[in-house]
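Coordinate inspection notes
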Amino acid sequence: MVSYSQELLDRQNNDGGWSYRTVGGSWTEPTCYALLALAAGEVSSSDAVQRALQWLASRQRPDGGWAPRDGVDESTWVTALVLLLPPEQVLSIDRNRASRWLLAQTGRESGVVHRLRLLLLGLGADPSQRFDGWPWYPGTAAWVVPTALTLLALERFDRSEKDTLVQKRIGDGRSFLLARRCRDGGWNHGSTHALGYDSDSYPETTGLALLALHNATPAELGVALALGERHLRESKSLEAASWLTLGLLVHGRTPSVGAVIPHQGTVPLALGVLAEAARQGKNLFVQ
Amino acid sequence: MSSSRPVTRRQWVAGAAGTAALAGCGRSSRELDPVSILRVGTYSEDLYALMQRIISEHRLDIRGKRVVLKPNLVEFDSNTVINTHPKMVHAALEAFRAAGAADVRIAEGPGHRRETLDLADSAGYFSTIPKFESVFTDLNLDEVTKVNLVRPQSKLNSLYLPQTILGCDLLVSMPKMKTHHWVGATLSMKNLFGLVPGGVYGWPKNMLHWAGIDECIADLHSLFPKTFAIVDGIVGMEGNGPIQGTPRPVGVVVAGADPVAVDATCCRIMQIDPQRVGYLRLAAGQDQVREKWIPQAGEKIASVATRFALLAELESFRLSGSGSGS
């Protein structure tokens, strides 16, 4: 994992952020994961961290959130990733405003207008749609990945700032995830069936959901842990293997990873570092 | 084919918006360009020669141009045929290079799975296309620019779009011939959903669903009206497409410079009524997808028509008089 950490340092852009790939403009998501990985990994560079934090701090929008990258004039789900960074590291960021932006977001499908519309059309609402999750992009439906990451971010925020609304949304978010399981017991992007046809789970989203549900009981999770282990045995993706490792470790499992294929973007590299750190007892997502 | 076809909405929008520069390919008389229906039995046939023939017969002048091939890469399931076959894409890559393109890239932004390269690997792109990673751009994570929609059909006023697409001279949409459980059929126009960056909008690109799927397809078409279409219909997908359907051998590749005409022709081959497909109506109007307005080359539709199974909810899309045989 030292090599992954070093590679991350080598990829940092001059402006302090990271691209998804070896070259390209800086984006919020890879910058946050790279910062988390540097906090967890064996290779450290205070200069790199400071430049990255400066990049992030200068891009907090007036509404409290972050856009995915420069040139996009909308705060999105990536705001959760900034709130996931260790609080002691992000002193220059207004975490309260960031949390308020996140709390203002819900999936459009759980809103009163949409549910009333379905009622008037005589269409039964999906029971899972009564729980508020989080969307990727404002004004759209809630999905598994942004909901899972926002749960983790709000839990971190709640450890320092006890807030009843935060706790309610955390509870709703957990219910959303538990209700969005596929027929095989795992999670895909969040669409468990369409037109009566069931969908199967994906490895990476199953791992992330298991991580976000780290407080769930075995009874609540059902076959999800066994499924996660099966996904991990079969997965060749570093990103999927990392999320599954992180998700299984928090439930006391000891995951073993096979060979992963070598084409790796910045996010998978950072997740690889974070998964390895979690194996060593340092899981930055839940600590 | 008549040279007095009325100006279509997409042509008008293209002119008004000045979007020709987005994806112009240097051709002169697009209205006269036919839709080619080429019989290809299997993926083992000489697909490179096929692509050369398409480039030649459609008089694509691509010398010195930047070409982007946009396959349909969605998910991988070894039990069915979700994605454009990698041999098709490889053959197109080599043929466009040989025809003098300055640069040919393969680009896609899958809507469900974030790990595009892993998906491409599973789908056989790495093993089929030499140095795949060096010629591929993940459109979900590409640099983006905001583009305003002129007279949008959807609820969107603008879209962030990838620089790789905005900067190319010719966009080639290379979809799989599939049914689609919401819009009837997914072909060269629906394939443009893959241009919309997940890095901005997420996975799935749910913004497009709330803004109206048919309408967003029409809007994307209005931004890229000069897209060249090459449809992989050698083995298509019927039933619960675009992901959970079953393979349906058709044995054709359909190509042309007018995506509306190509998609309407593909619908007829699948025995789906193009006039019932919402995005075709929005993009072209009811008249423009009539068979008599679309010049055909190669095989006749009737000789390759293959009745695709449709979900019960989509039986209203069935081409009337298409019978029940294959």
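Residues numbered from 1 in each chain as written. Chains lettered and ligands numbered in written order. Predicted model: local features only at pLDDT ≥ 70, side-chain atom pairs only at ≥ 80, totals over all residues.

Next up on the list: the overall build of chain B. When helices and strands are tallied, chain B shows 14 helices and 12 strands. Counting every position in chain B, which comprises 326 residues, the buried fraction comes to 58%. The contacts of chain B with a sequence gap of at least 6 include a subset with a gap of at least 24, amounting to 77%. (Helix = DSSP H or I, 4+ residues; strand = E, 2+ residues; numbered from the N terminus. Buried ≥ 20, exposed ≤ 12 C-beta atoms within 10 Å, placed from the backbone. Contact = placed C-beta atoms within 7 Å.)

Helix and strand content of chain A: 13 helices and two strands. Residues counted as buried form 52% of the 287 residues belonging to chain A. Across chain A, contacts joining residues at least 24 apart in sequence account for 65% of those joining residues at least 6 apart.

Before going further, it helps to examine the packing of helix H5 (residues 95–103) of chain A against helix H7 (residues 144–160) of chain A. Residue and element names in this part refer to chain A. Look at H5 against H7: their axes get within 11 Å of each other, and the N-to-C directions meet at 140°. Here H5 lies oblique to H7, going by the angle between them. Considering how the two elements wind past one another, H5 and H7 form a crossing that is left-handed. When H5 is examined against H7, the residues Arg95, Ser99 and Leu102 are found in contact with a partner set consisting of Thr150, Ala153, Leu154 and Phe157. Of the residues that constitute the contact of H5 with H7, the class distribution is four nonpolar, two polar and one charged. (Axes fitted to C-alpha atoms, helices over the stretch in contact; angles between N-to-C directions. Parallel < 35°, antiparallel > 145°, perpendicular 65-115°, else oblique. Left-handed = near helix turned anticlockwise from the far one by under 90°. Nonpolar A, V, L, I, M, F, W, Y, C, P; charged D, E, K, R; others polar.)

Another aspect to go through is the environment of Val145 of chain A. Residue and element names in this part refer to chain A. Turning to its location among the elements, Val145 is positioned in helix H7. Val145 gets classed as buried once you count the C-beta atoms within 10 Å, which come to 23. Beyond its immediate stretch of four places on either side in the chain, Val145 contacts His189, Thr205 and Leu208.

Since there are 3.6 residues in each turn of an α-helix, residues three or four apart along the chain are aligned in direction. All names here are of chain A. With 12 residues, helix H12 (residues 238–249) ought to run about 16 Å at 1.5 Å a step, and its terminal C-alpha atoms sit 16 Å apart, in line with that. Taken together, the buried positions of H12 are occupied by Leu238, Glu239, Ala240, Ala241, Ser242, Trp243, Leu244, Thr245, Leu246, Gly247, Leu248 and Leu249. As for H12, its buried residues are in contact with helix H9 (203–212), helix H11 (224–234) and helix H13 (266–279). (Expected span 1.5 Å × (residues − 1).)

On to the nonpolar core, then. When a protein is soluble and globular, its nonpolar side chains tend to lie buried together. Counting 180 residues, the largest nonpolar core has Leu36, Leu84, Ala270 and Leu274 of chain A together with Ala92 of chain B as its most contacted members. With residues up to four places along the chain from it excluded, the contact list for Ala92 of chain B reads Met51, Leu69, Val172, Met174 and Ile230 of chain B. (Core = buried A, V, L, I, M, F, W, Y, C linked by C-beta atoms within 7 Å.)

This part is about the pairing of strand S1 (residues 35–39) of chain B. All names here are of chain B. For S1, the buried fraction is high: four of the five residues fall into the buried class. Pairing of S1 with strand S12 (residues 296–298) involves three bridges; the strand directions are parallel. When the sheet's bridge partners are listed, Ile37 is paired in S12 with Gly298. One ladder, built from four bridges, connects S1 with strand S11 (residues 246–256); its direction is antiparallel. Looking at the pairing, Ser36 lines up with Ala255 of S11. (Pairing = 2+ DSSP bridges.)

What follows is about the confidence of the model for chain A. With 94% of its residues at a pLDDT of at least 70, chain A reaches an overall mean of 91. The weakest mean pLDDT in chain A belongs to helix H6 (residues 112–120) of chain A at 71; the strongest belongs to H9 of chain A at 98. (pLDDT = per-residue confidence, 0-100.)

A few words now on unusual backbone geometry. Residues and elements named next belong to chain B. Here the bond from Trp203 into Pro204 is cis, since omega is 10°, no more than 30 degrees from zero. Here Pro204 shows up in the loop between helix H9 (198–201) and helix H10 (206–210). In this model, Gly241 is joined to Pro242 through a cis peptide bond whose omega is 15°. Tracing the sequence through the fold places Pro242 in the loop between strand S10 (228–238) and S11. Positive phi values are uncommon outside glycine, yet Arg59 reaches one of about 50°. Tracing the backbone shows Arg59 in the loop between helix H3 (47–57) and strand S2 (66–71). The phi torsion at Lys131 lies on the positive side, around 50°, for a residue other than glycine. With respect to the helices and strands, the residue Lys131 is situated in the loop between helix H6 (125–128) and helix H7 (132–135).

Another aspect to go through is the interface of chain B and chain A. Tallying the contact residues gives 27 residues for chain B and 28 residues for chain A. If you list the elements that add at least two residues to the side of chain B that touches chain A, you get helix H5 (116–122), strand S5 (144–148), H9 and H10 of chain B. Split into classes, the residues belonging to the side of chain B that touches chain A amount to 11 nonpolar, seven polar and nine charged.

Right, let's talk about the environment of Leu166 of chain B for a bit. All names here are of chain B. By the secondary structure assignment, Leu166 is in helix H8 (residues 163–166). On the neighbour-count criterion, Leu166 (19 C-beta atoms within 10 Å) is partly exposed. As a C-alpha pair, Leu166 and Lys176 span 10 residues in sequence and 23 Å in three-dimensional space.

Let us now look at H5 of chain A. Residues and elements named next belong to chain A. Burial in H5 covers these residues: Arg95, Ala98, Ser99, Trp101 and Leu102. Burial along H5 is one-sided: seen end-on, the buried residues are contained in an arc of 155°. The elements touched by buried residues of H5 are helix H4 (78–84), H7 and helix H8 (164–179). (Arc of directions from axis to C-beta.)

With that out of the way, let us pick up the confidence of the model for chain B. Mean pLDDT over chain B works out to 90, with 88% of the residues at or above the 70 mark. Scored below 50 in pLDDT, residues 1–30 of chain B makes 55 contacts in the model with residues more than four places away or belonging to other chains.

On to the packing of H11 of chain A against H12 of chain A, then. Residues and elements named next belong to chain A. Remark: H11 packs on H12, axes separated minimally by 10 Å, with the N-to-C direction vectors making an angle of 150°. As judged from the angle between their axes, H11 and H12 are roughly antiparallel. Considering the relative orientation of H11 and H12, their crossing is left-handed. Contact residues: H11 offers Leu225, Gly228, Glu229, His231 and Leu232, while H12 offers Ala241, Leu244, Gly247 and Leu248. Each residue belonging to the contact of H11 with H12 can be placed in one class, and the counts come to five nonpolar, three polar and one charged.

So, on to the environment of Asn148 of chain B. All names here are of chain B. Structurally, Asn148 can be placed in strand S5. Residue Asn148 is classed as exposed on the basis of its C-beta count, with 11 C-beta atoms lying within 10 Å. Separated by 66 residues in the primary sequence, Asn148 and Ile82 place their C-alpha atoms 32 Å from one another. Filtering out sequence-adjacent residues up to four positions away, Asn148 remains in contact with Asn157 and Ser158.

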